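A structural walkthrough
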Amino acid sequence: QVQLVQSGGGLVQAGDSLRLSCAASGRTYSNSVVAWFRQVPGKERELVAAISWYGTSQYYADSVKGRFTISRDTGLNTLYLQMNSLKPGDTAVYYCAASPRPTAKERGDFDYWGQGTQVTVSS
């Protein structure tokens, strides 16, 4: 099993930056893909960014390209999401997730989830 504990988030103004962290424990050596999702009430949880745990493959949703950066420190077993130039449309609950499947790309492919953290961007 893998346990994910998130930190970060909060209330910021448009144009500000936030950094989310996700600390992993357990069978972290089995991780293949780690990712950040976000969800707004009444909408489906959507993939924001993903990265291979040990490799170099990355993915970003079009809505965050050029503004968000996903990274990880395997030594610290920690996943990060650096969010710059935040917009009101980025307001959501953000979740980190992990999968042992090297081809993981959809919500159903991820077996382990953080508790979620609220990010609110005011205009």
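The preceding data block contains the structure.
Here, residues in each chain are numbered from 1, in the same order as that chain's written sequence. In keeping with the predicted nature of the model, local features appear solely for residues at pLDDT of at least 70, side-chain atom pairs appear and are counted solely at 80 or more, and the whole-chain, interface and lining totals rest on all residues. Note: side-chain values were computed over all heavy atoms of the structure, leaving out hydrogens and water.

1. Points about the sheet that holds strand β8 (residues 78-83)
By this definition, two strands are paired if DSSP reports at least two bridges between them. Runs of H or I in DSSP of at least four residues are treated as helices and runs of E of at least two as strands, each being numbered from the N terminus. The sheet built from four strands is open, its strands ordered β1-β3-β8-β7 with antiparallel pairing. The strands lining the two open edges of the sheet, one partner per strand, are β1 (2-7) and β7 (68-73). Across the sheet, the mean angle separating the axes of adjacent strands is 20 degrees when strand polarity is ignored. Pairing geometry for β1 and strand β3 (residues 18-26), over six bridges, is antiparallel. Note on β3: the bridge partner recorded for Gln-3 is Ser-25. To obtain each axis, a line is fitted to C-alpha atoms, and for helices this fit is confined to the stretch in contact; angles are then taken between N-to-C directions over 0 to 180 degrees.

2. What to know about the state of the cysteines
Only a pair of cysteine sulfur atoms within 2.5 Å counts as a disulfide in this structure description. What the rule picks out here adds up to one disulfide. Here Cys-22 pairs with Cys-96 through a disulfide, and the sulfurs are 2.1 Å apart. Around the S-S axis, the bridge from Cys-22 to Cys-96 shows a dihedral of about 65 degrees and counts as right-handed. A residue pair is termed long-range when its members are at least 10 positions apart, and Cys-22 in strand β3 and Cys-96 in strand β9 (residues 92-99) qualify at 74 residues. Burial status follows relative accessibility: with a 1.4 Å probe on protein chains alone, a residue under 20% of its type maximum counts as buried, one over 50% as exposed, and anything between as partly exposed. Cys-22 sits in the buried class, given a relative accessible area of 3%.

3. Here's the deal with the nonpolar core
Definition of nonpolar core: a set of buried residues of the types Ala, Val, Leu, Ile, Met, Phe, Trp, Tyr and Cys, connected through side-chain atoms within 4.5 Å. Within the largest apolar cluster, 29 residues are counted, with the highest numbers of intra-cluster contacts made by Trp-36, Leu-81, Met-83 and Tyr-94. The set of elements that each furnish at least two residues to this core consists of β1, β3, β4 (33-39), β5 (46-52), β7, β8, β9 and β11 (117-122). Only heavy atoms enter the contact rule, under which two residues are in contact if any of them lie within 4.5 Å. In this structure, Met-83 is in contact with Asp-16, Ser-17, Leu-18, Leu-20, Arg-67, Phe-68, Tyr-94 and Val-119, ignoring residues within four places of it in sequence. Counting eight residues, the second-largest nonpolar core is a separate cluster that includes Ala-50, Ala-97, Ala-104 and Phe-110.

4. Observations regarding the side chain of Asp-90
Inspection of the secondary structure puts Asp-90 in the loop between β8 and β9. Identification of polar contacts relies on pairs of N or O atoms within 3.5 Å, with a donor-acceptor requirement for protein atoms, meaning one able to donate a hydrogen and the other able to accept it, and with residues adjacent in sequence counted only if both atoms are side-chain atoms. Within the structure, the side chain of Asp-90 is placed 2.7 Å from the side chain of Arg-67, a separation counted as a polar contact. Side-chain polar atoms of Asp-90 contact the backbone nitrogen of Lys-87, separated by 2.8 Å. If near-sequence neighbours (up to four positions away) are discounted, Asp-90 is found in contact with Arg-38, Arg-67, Phe-68, Ser-85, Val-119 and Val-121.

5. Points about the pairing of β3
Inspection of the sheet shows β3 paired to β8 by six bridges, in the antiparallel sense. Directly across from Cys-22, in β8, lies its bridge partner Leu-79.

6. What about the environment of Ala-23?
Along the chain, Ala-23 falls in strand β3. Each C-alpha atom of the pair Ala-23 and Leu-4 lies 5.6 Å from the other, and the pair is 19 residues apart in sequence. Beyond its immediate stretch of four places on either side in the chain, Ala-23 contacts Gln-3, Leu-4, Val-5, Asn-77 and Thr-78.

7. Some details on the packing of aromatic side chains
Two rings belonging to Phe, Tyr or Trp (six-membered ring only in the last case) form a pair when the distance between their centres is within 6.5 Å. Interplanar angles under 30 degrees mark stacking, angles over 60 mark edge-to-face geometry, and anything in between is tilted. Inspection of every chain in the model, using the stated rule, returns four aromatic pairs. Centre to centre, the rings of Phe-37 and Trp-113 are 4.9 Å apart; their planes meet at 55 degrees, and the pair counts as tilted. Linking Phe-37 in strand β4 with Trp-113 in strand β10 (residues 112-113), this pair joins segments that are 76 residues apart in sequence. We classify Phe-37 as buried; its relative accessible area is 2%. Note on Trp-113: relative accessible area 26%, which makes it partly exposed. With 6.4 Å between their ring centres and 80 degrees between their planes, Trp-53 and Tyr-54 make a pair best called edge-to-face. Through a chain of ring-to-ring contacts, the aromatic side chains of Phe-37, Phe-110 and Trp-113 assemble into a single cluster. Put simply, a charge is over a ring when the Lys NZ or the Arg CZ is close to the ring centre, within 6 Å, and near the line of the ring normal, within 35 degrees. Positioned above the aromatic ring of Tyr-80 is the side chain of Arg-19, whose terminal nitrogen or guanidinium carbon lies 4.1 Å from the ring centre. The positively charged end of Arg-45 is found above the aromatic ring belonging to Tyr-95, 3.7 Å away from the centroid.

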